[in-house]
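Residue-level structure breakdown
In case you want the letters, here they are:
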Amino acid sequence: MTDPGAADKPRRGRPRSEEAERAILHATLRLLDEHRSIAAISVEAVAQEAGVGKATIYRRWPGKEALIVAAVEAAEAMPAVLKGRSLREDLVLVLEHMRLQAVDKRGDGLMGMLTGEMRSHPELYRRYHEVVVEKRRAILRGLLQRGVDSGELRADLPMEVLMDLVTGPILVRKLVRENASLEPELPGQIADALLGGIRARS
């Protein structure tokens, strides 16, 4: 009889390339979740948990910090896919993606722990922002620049200010205001409020 939980268990032995990579990344996240500390895990522990040799890990990543960044990136939700039909619609899509990430309890504790821990590891923190955070910001930057170029948005505001205006409300509710509401209507409300102030005047 097939074990229904077998797919969730780490496989021992020498899994092939893609399977090995998935096993390594999942093992890294499991150990981070278990120990709640970056310092408490090692490449050796990840290799044992994933059922692979250390050489299999080092062929893909130069060390523990690069491995952790890759695992965090793999655990991230896919970035919002913009439709390009209207500025407001795409802005709502970006904000809804942020809202869903904020209400996702599954990875909430782990990501909160990692964000705090990474501050004690400057290179890891830099790589996390370069590989994970900047990918999300690039999508928003492209959307806003499109709006500026088309004349829909004001061109006199610095791009970083525009980006902070968009992302700020959800981040404040998530990180500063404990138990603040993140209702499904919020992205549309934020988009309309923002566009009232940053839309170019005819």
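Located above this text is the structure these notes cover.
In this report, the structure presented in the accompanying data block is examined.

Moving on to the overall build of the protein chain. Each helix and strand counted, the protein chain has 9 helices and 0 strands in total. Reading the protein chain from its N terminus to its C terminus gives the helix and strand order α-α-α-α-α-α-α-α-α. Across the 202 residues of the protein chain, 37% fall into the buried class. Contacts spanning at least 24 positions in sequence make up 66% of the contacts within the protein chain whose residues lie at least 6 apart. Of the roughly 11800 Å² that the protein chain leaves accessible, carbon and sulfur atoms contribute 54%.

What follows deals with the nonpolar core. Generally speaking, nonpolar side chains in soluble globular proteins are found buried as a group. Counting 29 residues, the largest nonpolar core has I24, V46, V52, I57, W61, L67 and I68 as its most contacted members. When contributions to this core are tallied by element, the ones reaching two or more residues are α1 (17–35), α2 (43–50), α4 (64–75) and α7 (122–149). The element that contributes the greatest number of residues to this core is α1, accounting for 8 residues. Among the nonpolar cores identified, the runner-up in size contains 23 residues, and L140, L144, L194 and I198 belong to it.

Between helix α5 (residues 87–103) and α7, whose axes approach to 10 Å, the crossing angle comes to 160°. Here α5 lies roughly antiparallel to α7, going by the angle between them. Our pair here, α5 against α7, has a crossing hand that is left-handed. Between α5 and α7, the residues in contact are L87, D90, L91, V94 and Q101 and R136, I139, L140, L143, R146 and G147, respectively.

Before going further, it helps to examine the packing of α1 against α4. In the contact formed by α1 and α4, the axes pass within 9 Å of each other and the chain directions differ by 95°. What the angle tells us is that α1 and α4 run roughly perpendicular. On α4, the residues touching I24, L25, T28, L29 and L32 of α1 are L67, I68, A70, A71, V72, A74 and A75. For the contact of α1 with α4, a count of residues per class yields 11 nonpolar, 1 polar and no charged.

Think of an α-helix as turning once every 3.6 residues; residues three or four places apart then point the same way. Here α5 contains 17 residues, and its C-alpha end-to-end distance of 25 Å stays within 8% of the 24 Å for a straight helix at 1.5 Å per residue. Among all positions of α5, only L87, D90, L91, V94, L95, H97, M98, R99 and A102 are buried. Buried positions along α5 lie against α7, α8 (159–175) and α9 (186–198).

Within the structure shown, the criterion is met by 15 salt bridges. Taking the shortest distance from any N to any O, the salt bridge between E21 and R60 comes out at 3.5 Å. Of this pair, E21 sits in helix α1 while R60 sits in the loop between α3 (54–58) and α4; the two residues are 39 residues apart in sequence, bridging distant segments of the chain. Classification of E21 as partly exposed rests on a relative accessible area of 34%. A single network of salt bridges, built from pairs that share partners, joins E134, R137, R141 and E160.

Further remarks concern α2. Of all the residues in α2, the buried ones are V43, V46, A47 and A50. On an axial view of α2, the arc spanned by its buried residues comes to 100°, and they lie on one face. Where α2 ends, the next residue or the one after it, G51, has phi of about 75°, a positive value.

Moving on to the environment of I24. Structurally, I24 can be placed in helix α1. Along the primary structure I24 and L67 are separated by 43 residues, whereas in three dimensions their C-alpha atoms are 8.7 Å apart. Discounting chain neighbours no more than four positions away, the residues touching I24 are V46, A50, V52, T56, I57, R60, W61 and L67.

Before going further, it helps to spend a moment on a nonpolar patch on the surface. On the surface, L171, V172, L175 and V176 cluster together into a nonpolar patch covering about 390 Å² of accessible area. Inspection of the secondary structure assignment puts V172 in helix α8. Take V172: its relative accessible area is 38%, and that puts it in the partly exposed class.

Cut-offs applied
Residues numbered from 1 in each chain as written. Predicted model: local features only at pLDDT ≥ 70, side-chain atom pairs only at ≥ 80, totals over all residues. Heavy atoms only, no water. Helix = DSSP H or I, 4+ residues; strand = E, 2+ residues; numbered from the N terminus. Buried < 20%, exposed > 50% of the residue type's maximum accessible area, 1.4 Å probe, protein only. Contact = heavy atoms within 4.5 Å. Areas by Shrake-Rupley, 256 points an atom, 1.4 Å probe, with all protein chains shown as cover. Core = buried A, V, L, I, M, F, W, Y, C linked by side-chain atoms within 4.5 Å. Axes fitted to C-alpha atoms, helices over the stretch in contact; angles between N-to-C directions. Parallel < 35°, antiparallel > 145°, perpendicular 65-115°, else oblique. Left-handed = near helix turned anticlockwise from the far one by under 90°. Nonpolar A, V, L, I, M, F, W, Y, C, P; charged D, E, K, R; others polar. Expected span 1.5 Å × (residues − 1). Salt bridge = Lys/Arg side-chain N within 4 Å of Asp/Glu carboxyl O. Arc of directions from axis to C-beta. Patch = residues over 30% accessible without salt bridge, like charges linked within 9 Å, V, L, I, M, F, W, Y side chains within 5 Å.

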